[in-house]
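# Examining the three-dimensional arrangement
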Amino acid sequence: MSAWRDRRSCYRAAVILRRLVCSLGIALALVGAAMTPARAAAVELSAYAGTFTPEMAAGYSYQQGFGAQFIGGEADASLLKAVLTLPPSVSYDGPGALEGREEAGPCVQDGVDLTCRATRVSPTEPWLFPWSVKLRVADGTPVGAVLPFRLVVSADGLPNSPITITRQSRVAAGADLGLSVKDLEVGADAVAYTVVVRNNGPMTTGRFTFHETHTYGPRWPGRGASTKPGLTCRNTSDKNQCTVRDPLAPGDDYEVRWTVPIPANSPLRGTTVKLALHVFDSPSNFVGSVWIHPTFDATNDKASLTIDLTALSPDPSPAPSPPSPPSPAASGGTAAPAPGGGGGLPITGAPAAAVALAGLALLTTGAFALMTGRRRRI
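It should be emphasised that the depicted structure is a prediction, and the values quoted were computed from it without experimental measurement.

The rules behind these values
Residues numbered from 1 in each chain as written. Predicted model: local features only at pLDDT ≥ 70, side-chain atom pairs only at ≥ 80, totals over all residues. Heavy atoms only, no water. Buried < 20%, exposed > 50% of the residue type's maximum accessible area, 1.4 Å probe, protein only. Helix = DSSP H or I, 4+ residues; strand = E, 2+ residues; numbered from the N terminus. Pairing = 2+ DSSP bridges. Axes fitted to C-alpha atoms, helices over the stretch in contact; angles between N-to-C directions. Core = buried A, V, L, I, M, F, W, Y, C linked by side-chain atoms within 4.5 Å. Contact = heavy atoms within 4.5 Å. Salt bridge = Lys/Arg side-chain N within 4 Å of Asp/Glu carboxyl O.

Moving on, we come to the pairing of strand β8 (residues 128–137). Of all 10 residues in β8, eight are buried, a share of seventy percent or more. As paired elements, strand β3 (residues 61–71) and β8 share nine bridges and run antiparallel to each other. Bridging from a neighbouring strand, alanine 68 pairs with phenylalanine 129 of β8. Bridge count between strand β5 (residues 90–95) and β8: four bridges; the pairing is antiparallel. Counterpart to serine 91 in the pairing with β8 is arginine 136.

Here we come to the sheet that holds β8. The strand order β1-β3-β8-β5 describes an open sheet built from four strands, whose pairing is antiparallel. In this open sheet, the two edge strands, each paired with only one partner strand, are β1 (44–48) and β5. Ignoring strand direction, the axes of neighbouring strands in this sheet form an average angle of 30°.

Grouped together as the largest cluster of nonpolar side chains are 38 residues, with contacts concentrated most on Leu45, Phe66, Leu80, Leu84, Trp131, Leu135 and Phe149. Excluding anything up to four places from it in sequence, phenylalanine 149 contacts Phe52, Met56, Leu84, Thr85, Leu86, Pro87, Val90, Leu135, Ile165, Thr166, Arg167 and Ser169. Of all hydrophobic cores here, the second largest spans 28 residues; its members include Val195, Phe208, Ile262 and Ile307.

Before going further, it helps to examine the sheet that holds strand β18 (residues 272–279). With antiparallel pairing, the five strands of this open sheet are ordered in space as β15-β16-β13-β18-β21. The sheet terminates laterally at β15 (231–235) and β21 (302–308), the two strands that pair on one side only. Pairs of neighbouring strands in the sheet enclose a mean axial angle of 15°, with direction left out of account. Two strands pair when backbone bridges link them, and strand β13 (residues 208–214) and β18 are joined in this way by five bridges, in the antiparallel orientation. Bridging across to β18, phenylalanine 210 finds its partner in valine 279.

Moving on, we get to the pattern of salt bridges. Considering all chains together, one arrives at seven salt bridges under this definition. Its salt-bridge partner being arginine 207, residue glutamate 55 comes within 3.5 Å of it at the nearest N-O pair. Pair noted here: glutamate 55 is in strand β2 (residues 55–57) and arginine 207 is in the loop between β12 (190–202) and β13, with a separation of 152 residues, a long-range link. With a relative accessible area of 15%, glutamate 55 lands in the buried category. A salt bridge links aspartate 253 to arginine 198, with the shortest nitrogen-to-oxygen separation between them at 3.0 Å. Placement of aspartate 253 in strand β17 (residues 253–261) and of arginine 198 in strand β12 is noted, with a sequence separation of 55 residues between them. Through salt bridges that share partners, Glu55, Arg170 and Arg207 make up one connected network.

Okay, structure coming up:
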């Protein structure tokens, strides 16, 4: 009987030991997974060409931007090369200007190919290599001619190399546009004035845009009207913009009568409003976040207007502001719990290793406690 009990005790101890070894193996695997760093991804090549204007005027230069970047890490910048193939009627007119960044390196034209190299690595953005170039359309290039561009970015040994991007522009009619303001009228409940855009030549333009910015608050709530077709205007938070899609020949004017209501309760009353107006020479295009356009004569592109509304008395009894809603405590409600009160965030990195080790210690202690308890009962 004693031998049978001994064999039974040994069997139970072996089962407990086997379970303990399995648990230790699982815990060690979890600790190893938590402490093993992720395998670094291979560096890949990427390229962009995002500011090519759809229209270009003959005889003028346009600034265009393109570039390359490394994704997933850094690589040897000396391997990087960007080749922009130009149409025969377009030539390189020198480097452009980058806002807040420096050129990645020089560009040199050889025939129709403009080759750009990366000779400078940014200390803050070592993976990014931008270029900005001025491209000039030759005099006499016919209106409507298609201008194809082909950009090939390469870096020997990197995935995705080479990368090819194509863009297309066309030659549009060029015109020097001037702008002026006349016939200001300040009435009892409205302000009106006329914006005049004049085409100074040399060609008929089919579309143009002018802007109006102001110093008053969030909005100058006007509306434009014209006796000629093609006018579209819109208000934004800090400017008004009008676009005319109708032919304007050299020597002709296009007038827009702008009216701004000034009701009795308007906060504009008793103030002085300063307006700044700007017309873009044609052709102009909004690409990305900038306007791309030629500048024929910068002296006639702008106008200003000061509107004195101090003689208009503000409403003596402005409308009362609505009462603020009661707080949850005052209304007897229950405040919403703070975000992130439940669930918790996934545990990663070093904290995962600490939790795994703590679990391993608890598992070991429990296993030995179980063995001890079974021996006492036996």
